[in-house]
Amino acid sequence: EIKSRDPDTRTEKGFDIVMFNKKTILASFLIIIFIGFFLAYVLSTNQSAIVEVITSKNTVKIYAEIADSPEEWSRGLMFRKELSEYSGMLFIFPAEEVRSFWMKNTLIPLDIIFVASNYTIVDIKESFLPCASDPCETYRSKPAKYVIEVNGGFAERNNIEVSDKVAIVVAK
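Quick caveat: nothing in here was measured; it's all calculated off a predicted structure. Every chain begins its residue count from 1, and numbering advances along the sequence as written. In keeping with the predicted nature of the model, local features appear solely for residues at pLDDT of at least 70, side-chain atom pairs appear and are counted solely at 80 or more, and the whole-chain, interface and lining totals rest on all residues. Processing note: side-chain calculations cover all non-hydrogen atoms of the structure and skip hydrogens and water entirely.

Q: Would you mind going over the pairing of strand 7 (residues 110-115) with me for this structure?
A: If a strand is regular, its side chains alternate between the two faces of the sheet. Each residue's exposure class comes from its accessible area (1.4 Å probe, protein chains only) as a fraction of the maximum for that residue type: buried when under 20%, exposed when over 50%, partly exposed otherwise. Secondary structure follows DSSP: runs of H or I at least 4 residues long count as helices, runs of E at least 2 residues long count as strands, and numbering of each begins at the N terminus. Of all 6 residues in strand 7, 6 are buried; the element is thus mostly enclosed. Relative to strand 8 (residues 121-128), strand 7 runs antiparallel, the two sharing 5 bridges. Paired with Phe 114 across the two strands is Asp 123, which belongs to strand 8. Where strand 7 hands over to strand 8, the hairpin turn is made up of 5 residues, of which Tyr 119 adopts a positive phi near 65°. Taken together, the 6 bridges between strand 7 and strand 9 (residues 138-151) define a ladder with antiparallel strand orientation. The residue of strand 9 that forms the bridge with Ile 113 is Ile 148. For two strands to be treated as a pair, DSSP must find at least two bridges joining them.

Q: What is the right way to read the state of the cysteines from this model?
A: Two cysteines, two sulfur atoms, one covalent bond between them: this is a disulfide. What counts as a disulfide here is a pair of cysteine sulfur atoms lying within 2.5 Å. Taken as a whole and assessed by the stated rule, the structure comprises 1 disulfide. Cys 131 shares a disulfide with Cys 136; S-S distance 2.0 Å. In this structure, the disulfide formed by Cys 131 and Cys 136 twists by about -95° around the S-S bond and is classed as left-handed.

Q: Quick question: what am I supposed to make of the environment of Ala 167 here?
A: Position of Ala 167 relative to the elements: it lies in strand 10 (residues 165-170). In this structure the C-alpha to C-alpha distance between Ala 167 and Ile 54, which are 113 residues apart in sequence, comes to 7.9 Å. Should any heavy atoms of two residues lie within 4.5 Å, those residues are counted as being in contact. Beyond its immediate chain neighbours, meaning those up to four positions away, Ala 167 contacts Ile 50, Val 51, Glu 52 and Ile 54.

Q: What should I look at first to understand unusual backbone geometry in this one?
A: Negative phi is the rule for most residues except glycine; trans is the rule for most peptide bonds. Residue Pro 135 follows Asp 134 across a cis peptide bond; omega there is -5°. Examined against the element boundaries, Pro 135 turns out to sit in the loop between strand 8 and strand 9.

Q: Is there a simple way to explain the side chain of Asp 164 in this structure?
A: You can see Asp 164 is positioned in the loop between helix 3 (154-157) and strand 10. Only four residue types enter the tally: Lys and Arg on the positive side, Asp and Glu on the negative side; His and the chain ends are excluded. Counted as salt bridges are all cases of a side-chain nitrogen of Lys or Arg within 4 Å of a carboxyl oxygen of Asp or Glu. Here Asp 164 occupies a buried position and makes no salt bridge, while the nearest side chain of opposite charge, Lys 165, is found at 10.0 Å. Side-chain atoms alone can form a polar contact between residues adjacent in sequence; in general such a contact is a pair of N or O atoms within 3.5 Å, and within protein one must be able to donate a hydrogen while the other accepts it. Of the polar contacts made by the side chain of Asp 164, one reaches the backbone nitrogen of Glu 161; its length is 2.7 Å. Leave out the neighbours within four places in its chain, and Asp 164 touches Val 53, Ile 54, Thr 55, Ser 56, Tyr 119, Thr 120, Ile 121 and Asn 159.

Q: Explain the sheet that holds strand 10 here, please?
A: Strands in a sheet are paired, the pairing made by backbone hydrogen bonds, and the direction either parallel or antiparallel. Across the sheet, which stays open at both edges, the 7 strands sit in the order 8-7-9-6-5-4-10 with mixed pairing between neighbours. Taken across any chain shown, the strands that pair with only one partner, and hence form the sheet edges, are strand 8 and strand 10. Adjacent strand axes in the sheet meet at a mean angle of 30°, parallel and antiparallel pairs treated alike. Pairing of strand 6 (residues 87-102) with strand 9 involves 9 bridges; the strand directions are antiparallel. Its bridge partner lying in strand 9, Val 98 is registered against Pro 143. Fitted lines through C-alpha atoms serve as axes, helices being fitted only where they are in contact, and the angles separating the N-to-C directions of these axes extend from 0 to 180 degrees.

As structure tokens, then:
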């Protein structure tokens with residue numbers, strides 16, 4: 001064994017071996033913990049769900065981002081230039097109430113599907129167009145606990161109607 005000039009390094013059989021002190025180990029541990037919490041936060045804010053709409057003719061799967069906070073409800077699908085055919089957004093509200101939606105800063109036409117707490121579709125606003133000028137048109141629904149936004153024309157193309165049932169599976 002040959003001693004190195006650096007007290008935290010020693011050379012053994014031609015290799016430098018770094019010696020870690022307690023402060024270095026503690027700092028590394030704290031950084032790893034911080035990164036873990038940060039990743040958990042980021043992943044938890046991007047939840048997704050599979051929404052199955054059971055129609056009289058078929059079952060349609062929608063892969064949806066979840067909006068479950070006031071900030072996410074306000075933002076919705078604003079500024080999106082496109083949406084994949086079987087993608088959308090699932091709004092989850094704390095209670096069943098009349099819902100009001102508008103298309104401010106929304107760039108693509110959307111179908112808005114309103115779902116009661118018993119998972120029955122109670123209302124559909126089809127091909128709601130982006131807002132061209134202020135004030136934007138608003139649409140008020142029948143009482144709903146869940147709202148699904150998908151591409152304009154999606155409900156018609158997939159035979160989705162009022163009174164169809166919905167199953168929601170939240171991805172963990």
